[in-house]
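Each chain, written out:
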Amino acid sequence: MRGYLSLLAFQLRTSFALALQYRVDFVLEGFIEVFWTVTALVPLFVIYDVREAVAGWSFGEALMVTGCFTLLQAVLEGVISPCMTLVVEQIRKGTFDFVLLKPKDSQFLVSTARVMPWRAVNVVTAGVLFAVGFAEIGRAPALLDLAVAAALLVAGIAILYSLWMVAASVAFWVVKIDNLTFLFSSIFDAARWPSSVFRGFLRVLFTFVIPLAVMTTFPAQALLGRAGTVEIVGGLGTAVLALVVSRRLWVRAVGRYTSASS
Amino acid sequence: MSVRRSLQAFPTMLRIGFAEALAYRAEMLVWILSTTMPLVMLAIWHAVARDEPIGRFGGDEMIAYFLATFIVRQLTGSWLAWMINAEVRDGTLGLRLLRPVHPLLSYAADALAALPVRGLLSIPIATVALVVFAGPELETRPAVWVVWLFAVLGGWLITLAVNLAIGCLAMLIESSIKVMDVWLALYFVFSGYMLPVELFPDWARDVLDWLPFRYQLGLPVELMTGAYELEHGLVMLGRQWIVVAATFGLVALLWRAGVRRFAAFGG
C-alpha cells in the first residue's frame with residue numbers, strides 16, 4: 001500500500017513537471033475550459049429569466065446541479081480523460097508492453113499516468129456556482145449535508161471513471177475509440193440539468209443505462225438537505241458496482257492483449 | 001488550371017469524397033449520435049414550456065423547433081477546421097498544393113460529398129418524427145420553403161467558410177483548434193442550437209442580428225417553423241448572404257497570408 005502511495009506521489013510530480021513545461025498552452029486551455037463553462041450557463045439564465053422554477057427546481061437549486069456537473073467535468077478533463085487518451089494510444093502503438101512489464105498493477109499505473117492540472121481549473125468555477133446558488137437560496141449548507149454531498153460526489157467521480165475505464169478496455173478489441181469518448185462526453189453534457197427535467201425514454205436512459213442522475217442530481221439534492229436513503233444507498237451502491245464491473249472488464253481485456261508488433 | 005477545368009473535375013472529386021464517407025460509415029454513425037444535443041435541449045425546453053408557453057413557443061412548438069435544429073445541423077455541419085489542422089501539422093497539405101485543383105475547392109468537395117451519407121442516416125428518421133409529432137407547427141407556404149432552401153445553402157456556406165478560415169489560420173499560428181473551440185462555444189449558445197434566438201432578451205437579439213452565428217443555423221430553423229412572413233424572411237436571407245460574402249472574403253485573405261507562410265513540415 002505504501003509503495004502505491006509513493007508511486008502515486010511520483011506520478012503526480014512527473015505530470016506537474018510536464019504541465020509546467022508547456023505552460024502557455026495549458027493556461028490557454030484552462031481559459032478555454034472556463035469560457036465553455038460560462039457560455040454553457042447562458043440557457044440557464046434565459047430559462048430562469050422567464051420562469052421561477054422548472055420541474056421543481058428553483059434557480060439556486062439548479063445551480064447546485066450545474067455546480068456538481070462542473071466539478072465532475074473538471075475531474076474528467078483534468079485527470080480521467082488524459083489518462084485514458086494515453087492508454088488508448090499505448091494500446092494502438094504497442095507501447096502498452098512497457099506498462100505491463102512494470103511490477104505494479106496495470107490499472108493503477110494507467111489511471112495515474114497523466115494529470116493536466118490547468119484543465120481542472122473549473123473546480124474553482126464549481127465552487128463559485130455553489131456559493132452563488134446558496135446566496136440565491138439565502139442560507140448556508142448544513143455540515144452533515146456537505147459531508148453526504150462530498151461522499152456522493154466521490155461516488156459520481158468513481159462512476160465516471162468506471163465508464164471511461166470500460167471505454168479504454170474496449171480499445172483492446174476495437175483499437176480506435178476516440179469518437180467513442182467524444183460520444184460519451186456529449187451524452188454526459190445532459191448531466192448539467194436536474195434529472196427530473198427528463199421524462200420517458202431519456203429518463204430511463206439517464207438513470208439506469210448511463211446513471212447521470214446519480215452522478216450530479218443526487219449530490220445536489222444532498223447539498224440541499226434533500227437526500228434520502230434511496231439517494232445515498234443508490235449513489236454509493238452504483239459506484240461500487242461500476243468499479244467492480246469495470247475492474248473485471250479491464251482484467252479480461254489485458255488478458256487478451258497481444259501487443260502491436262507480434 | 002482554369003476555373004472551367006476545375007469545375008469539370010468537381011464531380012469526380014465528389015465521387016471520391018462520397019466513397020470515403022461511405023467507407024467510414026460506422027464512424028459517421030457515432031458522429032451523428034454525438035450531435036444529439038438538440039434532443040437533450042428539447043427535453044429541457046419542453047419541460048419549461050409544457051404548461052405555459054414562452055413567446056410563441058408551447059410544448060409542440062419546442063418539439064418542432066429542436067427537431068428542425070437537428071436536421072439543419074446535419075445538413076450544414078462541417079469538421080474541415082480539424083481536418084486542415086491535422087493536414088497542416090503532418091504536412092499532407094503540401095500534397096494538396098501539388099495537385100492542379102485549388103486546395104480550398106478540394107476541401108469543399110470533401111465536405112459536400114459527405115453530406116448524403118450523413119443525411120441518409122439521420123434525416124429520414126428526424127423528418128418522420130417532425131411530421132408526426134409537430135406537423136401542424138411546420139411552415140406551409142411553398143414560397144417560404146424556397147427561401148428556406150437558399151437559407152440552408154447559405155448556412156452551409158457560412159459554416160464551410162468559417163471552417164476554411166480557421167483552417168487557414170493554422171498555417172499562420174501552427175494550431176488553431178483552440179480558436180475553433182471558442183467559435184464552437186459561441187455557436188452553440190448564440191446560433192439557436194441550445195435555445196431559440198427569439199427567447200433572448202431584446203437587447204441581446206439586436207446584437208445577435210449582427211453576428212454570424214444565427215445565420216449558420218437559426219435562420220433556416222426559424223423559416224421551417226413558420227417564424228417569418230415572406231418579406232421579413234427575404235430580408236433575413238439578404239443579411240445572411242452578406243455574411244456569406246464577408247466570411248468568404250476572410251477565407252481569401254487568410255489563405256493568401258497562410259500559404260505564403262506554410263512550410264510543409266516534414267515534407
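Keep in mind it's a predicted model, so treat the numbers as computed, not measured. (Residues numbered from 1 in each chain as written. Chains lettered and ligands numbered in written order. Predicted model: local features only at pLDDT ≥ 70, side-chain atom pairs only at ≥ 80, totals over all residues. Heavy atoms only, no water.)

Bringing the overall build of chain B into the picture now. The number of helices and strands found in chain B is 13 helices and zero strands. Ordered by position in the sequence, the α and β elements of chain B form the string α-α-α-α-α-α-α-α-α-α-α-α-α. The C-alpha atoms of chain B give 19 Å as radius of gyration, which agrees with the globular expectation for 267 residues (18 Å, within 12%). For the C-alpha atoms alone, the extent of chain B along its principal axes is close to 60 × 40 × 35 Å. Relative to its 267 residues, chain B shows a buried fraction of 54%. (Helix = DSSP H or I, 4+ residues; strand = E, 2+ residues; numbered from the N terminus. Rg over C-alpha atoms; globule rule 2.2 N^0.38 Å. Buried < 20%, exposed > 50% of the residue type's maximum accessible area, 1.4 Å probe, protein only.)

As a further point, take the overall build of chain A. In terms of helices and strands, chain A carries twelve helices and two strands. Element order for chain A, N to C, with α for helix and β for strand: α-α-α-β-β-α-α-α-α-α-α-α-α-α. Relative to the 2.2 N^0.38 estimate, which gives 18 Å for 262 residues, the radius of gyration of chain A is 19 Å and therefore close to what a compact globule would have. Burial statistics for chain A: of 262 residues in total, 49% are counted as buried. Residue pairs at least 24 apart in sequence account for 80% of intrachain contacts in chain A once pairs closer than 6 positions are excluded. When the accessible surface of chain A is totalled, it reaches about 12,700 Å², and 69% of it is carbon and sulfur. Taking the average location of the 20 positive side-chain charges in chain A and that of its 15 negative ones, the two points are 10 Å from each other. (Contact = heavy atoms within 4.5 Å. Areas by Shrake-Rupley, 256 points an atom, 1.4 Å probe, with all protein chains shown as cover. Lys, Arg positive; Asp, Glu negative; His and termini not counted. Charge placed at Lys NZ, Arg CZ, Asp CG, Glu CD.)

All chains considered together, the criterion is met by twelve salt bridges over all chains. Between R247 of chain A and D105 of chain A there is a salt bridge, with its nearest N and O atoms 3.0 Å apart. Linking R247 of chain A in helix 12 (residues 229-256) with D105 of chain A in the loop between helix 5 (96-101) and helix 6 (106-111), this pair joins segments that are 142 residues apart in sequence. A relative accessible area of 33% places R247 of chain A in the partly exposed class. The class of D105 of chain A is partly exposed, set by a relative accessible area of 25%. The salt bridge involving R239 of chain B is made with D209 of chain B; its shortest N-O contact spans 3.6 Å. Remark: D209 of chain B occurs in the loop between helix 10 (202-208) and helix 11 (213-216) and R239 of chain B occurs in helix 13 (residues 230-261); sequence separation between them is 30 residues. Each of D209, R214, E222 and R239 of chain B takes part in salt bridges that share partners, so that together they form one network. (Salt bridge = Lys/Arg side-chain N within 4 Å of Asp/Glu carboxyl O.)

Take the interface of chain B and chain A next. Contacts between the two partners involve 31 residues from chain B, matched on the other side by 28 residues from chain A. Across the chain B/chain A interface, buried area totals approximately 2,600 Å², and carbon plus sulfur atoms make up 77% of it. Our count for the chain B to chain A interface comes out at zero salt bridges. Connecting chain B to chain A are two residue pairs in polar contact (both at pLDDT 80 or more). Going through the elements one at a time, helix 2 (25-33), helix 3 (37-49) and helix 9 (177-190) of chain B are the ones with two or more residues in the side of chain B that touches chain A. Considering only residue class, the side of chain B that touches chain A consists of 25 nonpolar, one polar and five charged. (Buried area = accessible area lost by both parts, 1.4 Å probe. Polar contact = N/O pair within 3.5 Å; in protein donor to acceptor, adjacent residues only side chain to side chain. Nonpolar A, V, L, I, M, F, W, Y, C, P; charged D, E, K, R; others polar.)

Counting 163 residues, the largest nonpolar core has V87, F96, F188 and F198 of chain A together with W45 of chain B as the members making the most contacts within it. For this core, the element with the highest residue contribution is helix 8 (residues 142-173) of chain B, accounting for 17 residues. F188 of chain A has contacts with F69, L72, Q73, L76, L160, L212 and M215 of chain A, leaving out every residue within four places of it along the chain. (Core = buried A, V, L, I, M, F, W, Y, C linked by side-chain atoms within 4.5 Å.)

Now for the packing of aromatic side chains. Following the criterion strictly, the structure yields 16 aromatic pairs over all chains and no others. When the centroid spacing of 4.8 Å and the interplanar angle of 50 degrees are considered together, the rings of W183 of chain B and F213 of chain B count as tilted. A residue pair is termed long-range when its members are at least 10 positions apart, and W183 of chain B in helix 9 and F213 of chain B in helix 11 qualify at 30 residues. Accessibility expressed as a relative area gives 18% for W183 of chain B, which makes it buried. Three or more aromatic residues joined by ring pairs form one cluster here, namely W36 of chain A together with Y187, F188 and Y193 of chain B. Stacked on the ring of Y193 of chain B, the Lys or Arg R73 of chain B has its end atom at 5.0 Å from the ring centre. (Phe/Tyr/Trp six-rings, centres within 6.5 Å; stacked < 30°, edge-to-face > 60°. Lys NZ or Arg CZ within 6 Å of the ring centre and 35° of its normal.)

The subject of this paragraph is the side chain of S195 of chain A. Mapped onto the fold, S195 of chain A is located in the loop between helix 9 (178-188) and helix 10 (200-209). Exposure remark for S195 of chain A: the relative accessible area of 19% places this residue in the buried category.

This part covers the environment of A81 of chain B. All names here are of chain B. Mapped onto the secondary structure, A81 falls in helix 5 (residues 80-90). On the basis of relative accessibility, which here comes to 1%, the residue A81 falls in the buried class. Taking C-alpha positions, A81 is 8.1 Å from V162, a pair spaced 81 residues apart along the chain. Aside from chain neighbours lying at most four places away, what touches A81 is N163, I166, G167 and M180.

All names here are of chain B. The residue Q240 is located in helix 13 in this model. Q240 sits in the buried class, given a relative accessible area of 0%. A polar contact of 2.9 Å, which involves the side chain of Q240, links it to the backbone oxygen of A151. Apart from residues lying up to four places away in sequence, Q240 is in contact with F150, A151, G154, G155, I158, Y215 and L219.

A few words on the confidence of the model for chain B. Residues and elements named next belong to chain B. The pLDDT averaged across chain B works out to 84; a share of 96% of its residues lies at or above 70. The least confident element of chain B is helix 2, whose mean pLDDT is 70; the most confident is helix 11, at 92. The ipTM value of the predicted complex is 0.75, and its pTM value is 0.83. (pLDDT = per-residue confidence, 0-100.)

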